[in-house]
Amino acid sequence: MFPTVLEFGRNGFGDELARGALSTLIIAASSFIIGLVLGQFGAAAKLYGGPFSRFIANIYTTVIRAVPELVLILLLFFAGTKGISALGEAIGYGPVDINGTLAAILVLGFVQGAYSTEVIRGAIQAVPNGQVEAARAFGMSGSQVFFRVILPAMLPNAIPGLANLWLIVIKDTALITVTGASAELAQMTKNAAGFTKRYFLFYFVSGCIYLAMTLVSNYFLQKLEAYVRRGQPKLA
């Protein structure tokens, strides 16, 4: 029999869990995109930048990957929001109230960027130099070399790593619960379990929802990887 506490409506918490799952996907997708953007800049700085930009990129990736993510989230969340609020007061706007979901997205995106940097850098370095040199010999511009040669060649190497980062960021959204600032799935599960005292039930259901997100993501990511690898020999 379906437990009443899981029903949708006034008598159950099904709608709260659904909203939490949707919020989790929004936070994860937004953070992943921000991480991709930062990863591209970080990889470009490491591969093609000058000494200073390479130094900054190395510091960024080393520190982010060395410090536990929970500590980073707490540090960036509270220090970042306080810093922005202090900046608002300094320029005459008064205290700035930072939306919890937006803060969570920015924090997770900043963390994701360090890992994306290394994935993208490694994928670009895996492209044979001969292909790039041949494209330049044919008179292609820098942008043409990137979009016609480097990007198609690097994607098969980057997709597995980026797919792993996507699954990681879905789980990392649960760490935002410690700030209590965003109504994602883990926070909604905590609220429902605390109200009903049925901890095992709600955390079990929450785990199943996370598993469903992972399985669906894996399906589409495998399709995407097969698409970018079309025409290449199948991996053993």
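Residues numbered from 1 in each chain as written. Predicted model: local features only at pLDDT ≥ 70, side-chain atom pairs only at ≥ 80, totals over all residues. Heavy atoms only, no water.

> I would appreciate a short explanation of the overall build of the chain in the present structure.
Secondary structure assignment for the chain yields 8 helices and 0 strands. Across its three principal directions, the C-alpha atoms of the chain cover 70 × 55 × 30 Å. Counting over 236 residues, the chain shows a buried share of 39%. Total accessible area on the chain is roughly 13,700 Å²; 67% of this is exposed by carbon and sulfur atoms. Computed over 17 positive and 11 negative side-chain charges, the inter-centroid distance for the chain is 8 Å. (Helix = DSSP H or I, 4+ residues; strand = E, 2+ residues; numbered from the N terminus. Buried < 20%, exposed > 50% of the residue type's maximum accessible area, 1.4 Å probe, protein only. Areas by Shrake-Rupley, 256 points an atom, 1.4 Å probe, with all protein chains shown as cover. Lys, Arg positive; Asp, Glu negative; His and termini not counted. Charge placed at Lys NZ, Arg CZ, Asp CG, Glu CD.)

> Teacher, can you tell me more about the nonpolar core here?
Nonpolar side chains in soluble globular proteins tend to be buried together. Among the nonpolar cores identified, the biggest contains 37 residues, and Leu 6, Ile 150, Met 154, Trp 166 and Phe 202 are the most heavily contacted of them. Going through the elements one at a time, helix H1 (14-48), helix H4 (100-125), helix H5 (129-137), helix H6 (142-172), helix H7 (185-196) and helix H8 (199-228) are the ones with two or more residues in this core. Tallying contributions element by element places H6 first for this core, with 12 residues. Apart from the residues lying within four places of it in its own chain, the contact partners of Leu 6 are Phe 13, Gly 14, Leu 17, Leu 201, Phe 202 and Val 205. Among the nonpolar cores identified, the runner-up in size contains 9 residues, and Ile 27, Phe 77, Val 107 and Ile 176 belong to it. (Core = buried A, V, L, I, M, F, W, Y, C linked by side-chain atoms within 4.5 Å. Contact = heavy atoms within 4.5 Å.)

> Would you mind going over the layout of surface pockets with me for this structure?
Once rolled over the atoms, a probe with the size of a water molecule shows which space is left empty. Here the largest pocket is characterised by a volume of approximately 710 Å³. Lining the largest pocket are 28 residues; nearest its centre among them are Ile 120, Ile 124, Phe 146, Ile 150 and Met 154. Broken down by secondary-structure element, the contributors of at least two residues to the lining of the largest pocket are H1, H4, H5, H6 and H8. The element best represented in the lining of the largest pocket is H6, accounting for 11 residues. Among the residues making up the lining of the largest pocket, the classes are represented as 22 nonpolar, 4 polar and 2 charged. Taken as a whole, the second largest pocket encloses approximately 190 Å³ of empty space. Lining of the second largest pocket is provided by 11 residues; of these, Leu 76, Ile 84, Ala 103, Leu 106 and Val 107 occupy positions nearest its centre. Elements with a minimum of two residues in the lining of the second largest pocket: helix H3 (69-90) and H4. Classifying every residue of the lining of the second largest pocket by side-chain character gives 9 nonpolar, 2 polar and no charged. (1 Å grid on protein atoms, 1.4 Å probe; cavity = no way out; pocket = protein on both sides within 12 Å on 5 of 7 lines; lining within 4 Å. Points joined across faces, edges and corners; volume = space filled by probe spheres on them. Nonpolar A, V, L, I, M, F, W, Y, C, P; charged D, E, K, R; others polar.)

> Would you take a moment to explain the packing of aromatic side chains for this structure?
Two measures describe an aromatic ring pair: the distance that separates the ring centres and the angle between the ring planes. Applying the stated criterion across every chain yields a total of 5 aromatic pairs. Centre to centre, the rings of Phe 200 and Phe 204 are 5.9 Å apart; their planes meet at 15 degrees, and the pair counts as stacked. Residue Phe 200 and its partner Phe 204 are located together in helix H8, separated by 4 residues, close to a single helical turn. On the accessibility criterion, Phe 204 (48% relative accessible area) is partly exposed. Ring centres 5.3 Å apart and planes at 80 degrees place the aromatic pair Tyr 219 and Phe 220 in the edge-to-face group. With a relative accessible area of 46%, Tyr 219 lands in the partly exposed category. Given the relative accessible area of 53%, Phe 220 is considered exposed. (Phe/Tyr/Trp six-rings, centres within 6.5 Å; stacked < 30°, edge-to-face > 60°.)

> It is not clear to me how helix H2 (residues 51-66) should be interpreted in this structure. Could you clarify?
Note that an α-helix has 3.6 residues per turn; residues three or four places apart therefore point the same way. End to end, H2 covers 22 Å across 16 residues, agreeing with the expected 22 Å (1.5 Å per residue, within 8%). Those residues of H2 lying buried are Ala 57, Tyr 60, Thr 61 and Ile 64. Buried residues along H2 cover an arc of 85 degrees about the axis, so they all sit on one side. Every exposed residue of H2 that faces more than 90 degrees away from the buried side is listed here: Pro 51, Phe 52 and Ala 66. (Expected span 1.5 Å × (residues − 1). Arc of directions from axis to C-beta.)

> Even after reading the chapter, I still don't get the side chain of Thr 117, so can you show me in this structure?
Within the secondary structure, Thr 117 is located in helix H4. For Thr 117, the residues in contact, after removing those within four places along its chain, are Leu 38, Gly 39, Gly 42, Ala 43, Lys 46, Tyr 60 and Thr 61.

> Help me understand unusual backbone geometry in this model?
A negative phi angle characterises most non-glycine residues, just as the trans form characterises most peptide bonds. Its identity is not glycine, yet Lys 197 carries a phi of approximately 65 degrees, on the positive side. Checked against the element boundaries, Lys 197 lands in the loop between H7 and H8. Residue class for Lys 197 comes out exposed when judged on its relative accessible area of 58%.

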